[in-house]
Amino acid sequence: MTLKSARLWIVALLPLVAGLAAASLLWDVEMVNNPVVAVRIDLGSAVLVAGLAVSAVLSSALGSWQAAGRRCRAQMDEARTQAAGERRRFLQRLDHELKNPLTAIRAGLANVAGDPGLAGQGETVKGIEAQVVRLSRLTSDLRKLAELEERPLERRPVDVAQLLEEAVAVARDQAPAGGRRLTLTLPQAPWPVPSVPGDWDLLFLATYNLLDNALKFSGEGDAIEVRAFEDGTFVAIEVADTGPGIPRDEIPRVWQELYRGEEARGVPGSGLGLALVRAIAERHGGRVRLRSRAGQGTVVTMRLPLR
Amino acid sequence: MNEEAGMTTQPKILLVDDEVAITSNLAPFLERAGFRVAVAADGEAALARVADFGPDLVVLDILMPQLDGRQVLRELRRAGNWTPVILLTQVGESTERAMALEEGADDYLNKPFDPHELVARIRAVLRRARPGQRPLASARRLISGDLVVDRLPRRAYVGGRELQLTPKAMALLEYMMMHADELLSRDRLLDAVWGWDYPVGTRTVDTRIAELRRALDDDPADPVFVETVTGQGYRFVGPVEAEG
C-alpha cells in the first residue's frame, strides 16, 4: 500500500474511531428519552452507529476508487504488453520476409560470380555482395531485438570488473584506439564492485556496444572513460567520452530503433546498437540514461539491480 | 570415404525449401560445387524423394506449409533413416536450435547464409557420416574417455562427477563433441551455439572455452578434449562415441 492510500484509509476510518471513543464515554451517561424517534437507543450506541455508517460509506467509496485505479493500471499494463507483443511479431515477420529473398540473392550472386562468361563483372558483383551482407546484418540485428524480449535469460553472478576488463580489451583489439585515451576505472575501496545477476553474453554485448559507440563517435585526442560503481541497490556502468556530443533535440530519439543522428550519417552501424543496450538493461530489471552536451561529450549510464 | 571414391561418385543432395527463388539459385550452385542435386518443395515431397532419390544428405528448411522441416526430420528418424540432415533455421532461433539437436539434425545454418558456407558444412557432415549408422547427432549420450554428456537432461559428467556448467557452455560442449575432429572457427561456433553473429565474437567464445576447460580440468598446452588451433579456432580432439 502506498503512503497516499494509507493516509486516505486513515481518513475513512476516523469517524469510526471517533464514534467508538464518544460511545465509550456516553455509555456511562444516564439514558435520555428521545422524543422524536420511537426507537429507544442510548446516545452512546447512536453515536457509534453513526460513526460506523459514515466509515462504511467512506470505505466503500475509497475501495471502489482504488479498484478503478487498479483496473486502469491493469488495462495500461495489458495495452503495453500487447503493443510490445505486436512489435515483436512485426519484427519477426519482417525478419522472416527479408531472410528468404536475401538467401536467394546470395545464392544467385554466388552463381554469377562463378560464371566464366561474366568474368568482367567482378567489381560489380562484389559491390552488390557487400550491400547484401549489410542487409543480412540488419536482419540479424532485428532478430536479436525481437528475440531479446522472449529468450530465456541466463541469470548467474556476472563479475562486473571482469566484464568491463574484457569489453575494454576487445575494444582495444577491434578498433585501434587511434590517439584516444581509453581508461577503465574500478573502485577498490571500501570494496570492489560486486557482481550482478544476469546473462554474461548480453551484458557483454551491451557494454561493448556502448564502448563501440564511444570509439566511433570520438577522434584523436579524445578521452574515453569506462567506470563502474554501486550504491547498495544498483551497479552503474558508465561509458563517457569527450567526443562531439549529441545535439539536444536528438537526445530523446537515440534509443529508437533504426534512428541515426546527423553526425552518425557517415559512420557505419545499423542504428540498432542503443536500442539493443536498452532492451538488455530492461530485461535485467535495469535502466539506461544518456546525457550529452554538444561540443563536450556524452555519457551513458546503465544501472543494473544487485538482486 | 577415401579421396578417390569422393572424386568418382558425386554425393547426392536433396534440397528442400518451399521458396522457388532459393532452390532455383541454390541447386545450380551446389551442382557446380560437385553434387548431384534433387529439389523438393514441401515436406511430403521431401519424404517421397528421400525414398526414391536416396540422397547422401538432406538440406532441409524448417518453415514449410503442411509438413514442416522438423516433422520431416522426426519422421525420417522414427523410420530409422539416419541420412544426415542440415537444417535451415528461421524463427525463434534459440528454441529451434535446441529442437534441432534433440531431434537429430547433423548441423544447422541460419538464413540468410553464404552459399559457400553451406557447401563447407555439407562436405564436413559427409566426411563424418557413417552410412546407415546412427549419427552422433541423434545419440542420447556422447562419450569421450571419462567424459559423458547426457543430452536430454543436459548434464555432463567426468568420471561420474557432475560438472557445473552454464547452459551456454553445455551447448558449446555438445556442439563441439558432435563435430569432433573438425576445426571450428569462432564465427561458426557463435553462429551455431549463440545464434547471433556477435560483432564482438571471439572473446565471447574464448570465455566459454575457458570455462569448459576449467570444468573439464583440461590443460590447453596438452589438451585431452579441446584444442586451440592458433589463429583459427578450436577443435574437439577426444574420440567421441555415441550411446543410446
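Look up a bit, the structure's there.
A brief look at the structure comes next. (Residues numbered from 1 in each chain as written. Chains lettered and ligands numbered in written order. Predicted model: local features only at pLDDT ≥ 70, side-chain atom pairs only at ≥ 80, totals over all residues. Heavy atoms only, no water.)

**A word on the side chain of S55 of chain A**
All names here are of chain A. On the secondary structure map, S55 appears in helix α2 (residues 43-113). Owing to a relative accessible area of 3%, S55 belongs among the buried residues under this scheme. Leave out the neighbours within four places in its chain, and S55 touches A12, L13, P15 and L16. (Helix = DSSP H or I, 4+ residues; strand = E, 2+ residues; numbered from the N terminus. Buried < 20%, exposed > 50% of the residue type's maximum accessible area, 1.4 Å probe, protein only. Contact = heavy atoms within 4.5 Å.)

**Some points on the packing of aromatic side chains**
Under the definition given, this model contains 3 aromatic pairs over all chains. With centroids separated by 6.3 Å and ring planes inclined at 15 degrees, the aromatic side chains of W200 of chain A and F204 of chain A adopt a geometry described as stacked. Placement of both W200 of chain A and F204 of chain A in helix α5 (residues 200-216) is noted, with a separation of 4 residues, approximately one turn of the helix. Take W200 of chain A: its relative accessible area is 10%, and that puts it in the buried class. According to the relative accessible area criterion, F204 of chain A is buried, its value standing at 2%. Considering the side-chain rings of Y108 of chain B and Y175 of chain B, the 6.0 Å spacing of their centres and the 45 degrees angle between planes classify their relative orientation as tilted. Taken together, the residues Y108 of chain B in strand β5 (residues 107-110) and Y175 of chain B in helix α7 (residues 167-178) connect sequence positions 67 residues apart. Judged by relative accessible area, which is 3%, Y108 of chain B ranks as buried. Lying across the ring of F234 of chain A, R303 of chain A places its NZ or CZ 4.2 Å from the centre. (Phe/Tyr/Trp six-rings, centres within 6.5 Å; stacked < 30°, edge-to-face > 60°. Lys NZ or Arg CZ within 6 Å of the ring centre and 35° of its normal.)

**Quick word on the interface of chain A and chain B**
Taken together, the contact pairs 34 residues of chain A with 35 residues of chain B. Here chain A packs against chain B, burying approximately 3,300 Å² in sum over the two surfaces, 54% of which is carbon and sulfur. Its largest share of buried area at the contact with chain B, chain A owes to T103, N111 and D201 of chain A, together 17% of the area lost on that side. Where chain A touches chain B, the interface holds 2 salt bridges. We note a salt bridge from D201 of chain A to K168 of chain B, for which the minimum N-O separation is 3.1 Å. Counting across the interface, chain A meets chain B through 8 residue pairs in polar contact (both at pLDDT 80 or more). Elements that contribute at least two residues to the side of chain A that touches chain B include exactly α2, α3 (122-148), α4 (160-174) and α5 of chain A. Here the element with the most residues in the side of chain A that touches chain B is α2 of chain A; it accounts for 12 residues. Taken together, the residues of the side of chain A that touches chain B sort by class into 12 nonpolar, 11 polar and 11 charged. (Buried area = accessible area lost by both parts, 1.4 Å probe. Salt bridge = Lys/Arg side-chain N within 4 Å of Asp/Glu carboxyl O. Polar contact = N/O pair within 3.5 Å; in protein donor to acceptor, adjacent residues only side chain to side chain. Nonpolar A, V, L, I, M, F, W, Y, C, P; charged D, E, K, R; others polar.)

**Examining the sheet that holds strand β3 (residues 57-61) of chain B**
All names here are of chain B. One open sheet accounts for 5 strands, arranged β2-β1-β3-β4-β5; its pairing is parallel. One side of each edge strand has no neighbouring strand; the edge strands of this open sheet are β2 (36-40) and β5. Ignoring strand direction, the axes of neighbouring strands in this sheet form an average angle of 20 degrees. Strand direction decides the pairing type here: strand β4 (residues 85-89) and β5, joined by 4 bridges, are parallel. Note on β5: the bridge partner recorded for T89 is N110. (Pairing = 2+ DSSP bridges. Axes fitted to C-alpha atoms, helices over the stretch in contact; angles between N-to-C directions.)

**Things to note about the sheet that holds strand β2 (residues 181-185) of chain A**
Residues and elements named next belong to chain A. The strand order β2-β4-β5-β7-β6 describes an open sheet built from 5 strands, whose pairing is mixed. The open sheet is flanked by β2 and β6 (287-293), the only strands paired with a single partner. Averaged over all pairs of adjacent strands, the angle between strand axes in this sheet comes to 10 degrees, irrespective of strand direction. Of the pairings in the sheet, the one linking β6 to strand β7 (residues 297-305) comprises 7 bridges and is antiparallel in character.

**Quick notes on the pattern of salt bridges**
Residue and element names in this part refer to chain B. By the definition in use, this model includes 27 salt bridges over all chains. Of the charged contacts in the structure, one is a salt bridge between D17 and K111, with a shortest N-O distance of 2.8 Å. Here the residue D17 occupies a position in the loop between β1 (12-16) and α2 (20-32), and K111 occupies one in the loop between β5 and α6 (115-128), the gap between them amounting to 94 residues. Residue classification places K111 among the buried residues on the basis of a relative accessible area of 1%. For R188, the salt bridge is made with D107, and the minimal N-O distance between the two is 3.1 Å. Taken together, the residues span a long stretch of sequence, with R188 in helix α8 (residues 186-194) and D107 in strand β5 at a distance of 81 residues. Accessibility classification places R188 together with D107 in one group, the buried group. Connected via shared salt-bridge partners are D107, E117, R121, R128, E182 and R188.

**Structural notes on the nonpolar core**
Counting residues in hydrophobic clusters, the biggest one holds 54 residues, and the most contacted among them are L60, L147, L165, L173, M176 and F236 of chain B. Considering every element that reaches this core, the biggest residue donor is α7 of chain B, with 9 residues. Among residues more than four places away in sequence, those in contact with L173 of chain B are L147, V149, A156, L165, L212, L216 and F236 of chain B. Counting 53 residues, the second largest nonpolar core, distinct from the first, contains L163, F204, L215 and V277 of chain A. (Core = buried A, V, L, I, M, F, W, Y, C linked by side-chain atoms within 4.5 Å.)

**Here we look at the side chain of K168 of chain B**
Structurally, the position occupied by K168 of chain B is in helix α7. For K168 of chain B, a relative accessible area of 12% corresponds to the buried category. Within the structure, the side chain of K168 of chain B is placed 3.1 Å from the side chain of D201 of chain A, a separation counted as a polar contact.

**Structural notes on unusual backbone geometry**
With omega at -5 degrees, the peptide bond leading from A189 of chain A into P190 of chain A counts as cis. In this structure, P190 of chain A sits in the loop between β2 and β3 (196-198). A cis geometry characterises the amide bond from K111 of chain B onward to P112 of chain B, with omega recorded as -5 degrees. You can see P112 of chain B is positioned in the loop between β5 and α6. Phi angles above zero are rare outside glycine, and Q66 of chain B is one such case at about 55 degrees. Tracing the sequence through the fold places Q66 of chain B in the loop between β3 and α4 (69-78). With a phi close to 55 degrees, D217 of chain B is a non-glycine residue in the positive phi region. The topology assignment puts D217 of chain B in the loop between α9 (202-216) and β11 (226-229).

Keep in mind that these numbers describe shape and distance, not what the molecule does.
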